[in-house]
Amino acid sequence: MTDLAAAPPPPHQAVVAVEQVSKWFGDVVAVSEVSFSIGPGVTALLGPNGAGKSTVLRMLAGLTSPSQGSVRVLGRDPHRDLEFTSKVGLVPQQDALFEMLTAFEFVKLAATLLRVGDPAEAAEVALNEVGLEPDDRRRVASFSKGMRQRVRIAQAIVHQPQILLLDEPLTGLDPRQRLHLIDLFQKLGAEGRTVVVSSHVLDEVERFGSRVLVLAQGRLAAEGDFHAIRELMDDRPHRIRVRADRPRALASGLLAGDGVVAVRLDGADAVIVDTVDAARFRRAIARTANDAGARLYEVMPLDDDLESVFRYLVGS
Amino acid sequence: MTASLYRLMLRSQLTRARVAGLLALGAVGIVTGLAIGSSEVVNHQLAGTRFIDTFGLALLAPVATLIFASAALGDPNEDGTLVYIWLRPVPRWRVVLAAIASSITVTLPIVVGPLLVAAAVTGAGADLVRATAVSASVAVVAYSAVFVALGLRVKRALMWGLLYVLIWEGFVAQANSSAARLAIRSYTRSLLSDIADVYLRLADVSFRAAWLVPLIAAIVAGGYATVRLTRQDVA
């Protein structure tokens, strides 16, 4: 595992404690010896499809128990403690809803079963939070994918749970709705709730700007603060495109520099540089260009995104 | 809380296709009952009782109940909506109770209604109508609990349920009285036979056992479904 925990302090109050947890289904190992703890605030669970994110979330929600190891949420075993269910809200990945109900009926039913004082009022508030009309009399069967997703989110927050588990919650939403819900999740995290959001879209995780757990092939590949991810981006091998008026001369100068492992010309006015120390490269490029008598037009990282970090983490 | 679940399950089970199909089957029973009533058979009571046994208790009651009861928790379990019931602080026995109660509510009028009319028009008399009401009701209650549990236990519960009804109850359990003891139909048939006062083959269970065993089967099935719901993984 890539340890990014050095940058941020570990959460003072571990709401979720997962220790040496494995989960297998027959011969298929979905999660293998994963350990982590999560405190209040937003935590992103990041990984490609099939990495084990949904299985981890299902174990946190108590929908399934680990084959090995222990999962404690609020100090309880979520699979066995019925009362725990009133403290958790889950947005599951599957699309199915009770199709014959309206959104209001669906969310009100959740509030009723969760023993909320005024289920109707709570349902109205939750639907308004996610930008749906409580008065909409259409059945959810006729809803678009984005509307159905917001119904799922509304039923998960209707009882203002202490822990909110969201499995790919932004799927099917348009950019405006995404921004709205990201704000909502951040607001809930800032209120002291524990919000765990799974995603395979790195752009989403970047927007959450939160603590990140990276799962790959059922294992915890990395964990730490989002800022530590940013630092990792600087520490890993980088590819940078430099446009200049004298690319050949610049390439010669760059090759002599520390940390540059490869340089190749790219067209008539650019070089592509592979470096293992992006920070040092950024500091030295201006002087190197000056020494080579080259005028710089543009310095552009080609892999400065989380997707590249993720590939790097998984590869390592 | 249980009432909310009950209403939810009632609405999810009641689809037009299911109700229309089963009402059509019930209508076939009524037409057949009319045919018996208007025929010149010597003993309308015997003919009518045999008809209620072979059509009502062997086919309509178990199949109609299977269709609704196996869907009560089986459909949410398979399509993933069970999570919206399971992840709530609702005791599991209440969920199972709501499923069984909703299944009985839907099935009872669809099964017992047409069968009562069919029994009445056979011309067999009031005893057969009473016997039909009691035996079909007991059948619906027992099958509801058993098939709710089956829906939770296996995928394609409809197929497994049909195998039980048609192969086990309809064939294997007809071989001798020992095998018949392991079929709900034997007990409901005995109730029918006792109350209508008509001899039916393999209807030799005591009156008390004919009441108690289906009831015990329902309680055991409900208990099993509760344990299953408590322990199972939810998708």
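About the criteria used
Residues numbered from 1 in each chain as written. Chains lettered and ligands numbered in written order. Predicted model: local features only at pLDDT ≥ 70, side-chain atom pairs only at ≥ 80, totals over all residues. Helix = DSSP H or I, 4+ residues; strand = E, 2+ residues; numbered from the N terminus. Rg over C-alpha atoms; globule rule 2.2 N^0.38 Å. Buried ≥ 20, exposed ≤ 12 C-beta atoms within 10 Å, placed from the backbone. Pairing = 2+ DSSP bridges. Contact = placed C-beta atoms within 7 Å. Nonpolar A, V, L, I, M, F, W, Y, C, P; charged D, E, K, R; others polar. Axes fitted to C-alpha atoms, helices over the stretch in contact; angles between N-to-C directions. Core = buried A, V, L, I, M, F, W, Y, C linked by C-beta atoms within 7 Å. Expected span 1.5 Å × (residues − 1). Arc of directions from axis to C-beta. Parallel < 35°, antiparallel > 145°, perpendicular 65-115°, else oblique. Left-handed = near helix turned anticlockwise from the far one by under 90°.

### Brief notes about the overall build of chain B
Next, step 1: Within chain B, the regular secondary structure consists of ten helices and zero strands.
Next, step 2: What you see in chain B, going N to C, is helices and strands ordered as α-α-α-α-α-α-α-α-α-α.
Next, step 3: Scaling as 2.2 N^0.38, a compact globule of 235 residues should have a C-alpha radius of gyration of about 18 Å, and chain B matches this with 18 Å.
Next, step 4: Along the three orthogonal principal directions, the C-alpha set of chain B runs to about 60 × 40 × 25 Å.
Next, step 5: Sorting the 235 residues of chain B into buried and exposed places 50% on the buried side.

### Some words on the overall build of chain A
Next, step 1: Assigned secondary structure in chain A consists of ten helices and 14 strands.
Next, step 2: For chain A, the residues scored as buried account for 46% of the 316 residues in total.

### A look at the pairing of strand β12 (residues 260–265) of chain A
All names here are of chain A.
Next, step 1: Alignment of β12 against strand β13 (residues 270–275), held across five bridges, turns out to be antiparallel. Residue pairing in the sheet places Ala-262 in a bridge with Asp-274 of β13.
Next, step 2: Where β12 folds back onto β13 in an antiparallel hairpin, the turn is made up of four residues, including Gly-267, whose phi is positive at roughly 75°.

### So, the interface of chain A and chain B
Next, step 1: Taken together, the contact between chain A and chain B spans 21 residues of the former and 18 residues of the latter.
Next, step 2: Among the elements that make up the side of chain A that touches chain B, the one with the highest residue count is helix α2 (residues 103–113) of chain A (four residues).
Next, step 3: Residues that form the side of chain A that touches chain B fall into these classes: 13 nonpolar, six polar and two charged.

### Points about the sheet that holds strand β5 (residues 68–73) of chain A
Residues and elements named next belong to chain A.
Next, step 1: Strand order in the open sheet made by the three strands is β3-β2-β5, with antiparallel pairing throughout. The open sheet is flanked by β3 (28–38) and β5, the only strands paired with a single partner. For this sheet, the mean angle separating the axes of adjacent strands, direction not counted, is 25°.
Next, step 2: Sheet topology places strand β2 (residues 16–25) next to β3; seven bridges connect them, and they run antiparallel. Across the sheet, residue Val-21 finds its bridge partner in β3, namely Val-34.

### Some remarks on the nonpolar core
Next, step 1: In terms of nonpolar packing, the biggest core is built from 156 residues, with Leu-60, Val-107, Val-158, Leu-165 and Leu-215 of chain A together with Tyr-143 and Val-148 of chain B touching the most fellow members.
Next, step 2: With 17 residues, the top contributor of residues to this core is helix α6 (residues 126–153) of chain B.
Next, step 3: Not counting chain neighbours up to four residues away, the residues in contact with Val-158 of chain A comprise Val-107, Ala-110, Ala-111, Leu-114, Val-116, Ala-122, Ala-123 and Ala-126 of chain A.
Next, step 4: In terms of nonpolar packing, the next biggest core, distinct from the first, is built from 15 residues, Ile-240, Val-271, Val-273 and Ala-278 of chain A among them.

### Some remarks on helix α1 (residues 2–13) of chain B
Next, step 1: Between its first and last C-alpha, α1 of chain B extends 16 Å over twelve residues, near the 16 Å set by a 1.5 Å rise per residue.
Next, step 2: Among all positions in α1 of chain B, only Leu-5, Leu-8, Met-9 and Gln-13 of chain B are buried. Buried residues of α1 of chain B, viewed axially, fall in a sector of 125°; they line one side.
Next, step 3: Check the buried side of α1 of chain B and you find it contacts α2 of chain A together with α3 (44–79), α4 (83–86) and α5 (92–121) of chain B.

### Some points on helix α5 (residues 175–190) of chain A
Residue and element names in this part refer to chain A.
Next, step 1: The first and last C-alpha atoms of α5 sit 22 Å apart over 16 residues, in line with the 22 Å expected at 1.5 Å per residue.
Next, step 2: Looking at α5, one finds that the buried residues are Leu-181, Phe-185, Leu-188 and Gly-189. Here the buried residues of α5 occupy an arc of 100° about the axis, which is enough to place them on one side. Looking at α5, the residues exposed on the side facing more than 90 degrees away from the buried face are Pro-175, Arg-176, Asp-183 and Ala-190.
Next, step 3: Tucked into the core, α5 has its buried residues touching β4 (41–46), α4 (145–157), β7 (163–167) and β8 (194–199).
Next, step 4: Positive backbone phi, at 100°, marks Gly-192, one or two positions downstream of α5.

### Focus: the packing of α3 of chain B against helix α7 (residues 157–169) of chain B
Residues and elements named next belong to chain B.
Next, step 1: Between α3 and α7, the shortest axis-to-axis distance is 9 Å and the interhelical angle comes to 155°. In terms of axis orientation, α3 runs roughly antiparallel to α7. Of the two elements, α3 crosses α7, and the hand of that crossing is right-handed. Here α3 contributes Ala-58, Pro-62, Val-63, Leu-66, Ile-67, Ser-70 and Gly-74 to the contact with α7, which in turn contributes Ala-157, Leu-158, Gly-161, Leu-162, Val-165 and Glu-169.
Next, step 2: Across the contact of α3 with α7, the residue classes break down as nine nonpolar, three polar and one charged.

### A few points about the pairing of strand β11 (residues 238–244) of chain A
Residues and elements named next belong to chain A.
Next, step 1: Here β11 shows one buried face, formed by His-238, Ile-240, Val-242 and Ala-244, and one open face, formed by Arg-239, Arg-241 and Arg-243.
Next, step 2: Two strands pair when backbone bridges link them, and β11 and β13 are joined in this way by six bridges, in the antiparallel orientation. Within β13, the residue paired with Arg-243 across the bridge is Ala-270.
Next, step 3: Of the strand pairs in this sheet, β11 and strand β14 (residues 296–301) are connected by five bridges, and their pairing is antiparallel. Bridge assignment links Arg-241 to a residue of β14, and that residue is Met-300.

### Some remarks on the environment of Ala-120 of chain A
Next, step 1: Mapped onto the secondary structure, Ala-120 of chain A falls in helix α3 (residues 119–129).
Next, step 2: Judged by local crowding, Ala-120 of chain A falls into the partly exposed class, with 14 C-beta atoms found within 10 Å.

### With respect to the sheet that holds β14 of chain A
All names here are of chain A.
Next, step 1: Overall, antiparallel pairing links the four strands, which are arranged β12-β13-β11-β14 in an open sheet. Either end of the sheet is taken by a strand with one partner, and the two such strands are β12 and β14. The average angle at which neighbouring strand axes cross in this sheet is 20°, direction not considered.
Next, step 2: In the packing of helix α8 (residues 247–255) onto the sheet, contacts are made with β11, β12 and β13, and the angle to β12 comes to roughly 170°.
Next, step 3: Helix α9 (residues 278–292) contacts β11, β12, β13 and β14 of the sheet and is inclined by roughly 20° relative to β11.

### Structural notes on the environment of Ser-38 of chain B
Next, step 1: Mapped onto the elements of the fold, Ser-38 of chain B is located in helix α2 (residues 16–38).
Next, step 2: Linking Ser-38 of chain B and Ala-157 of chain B, residues 119 residues apart in sequence, is a C-alpha distance of 39 Å.

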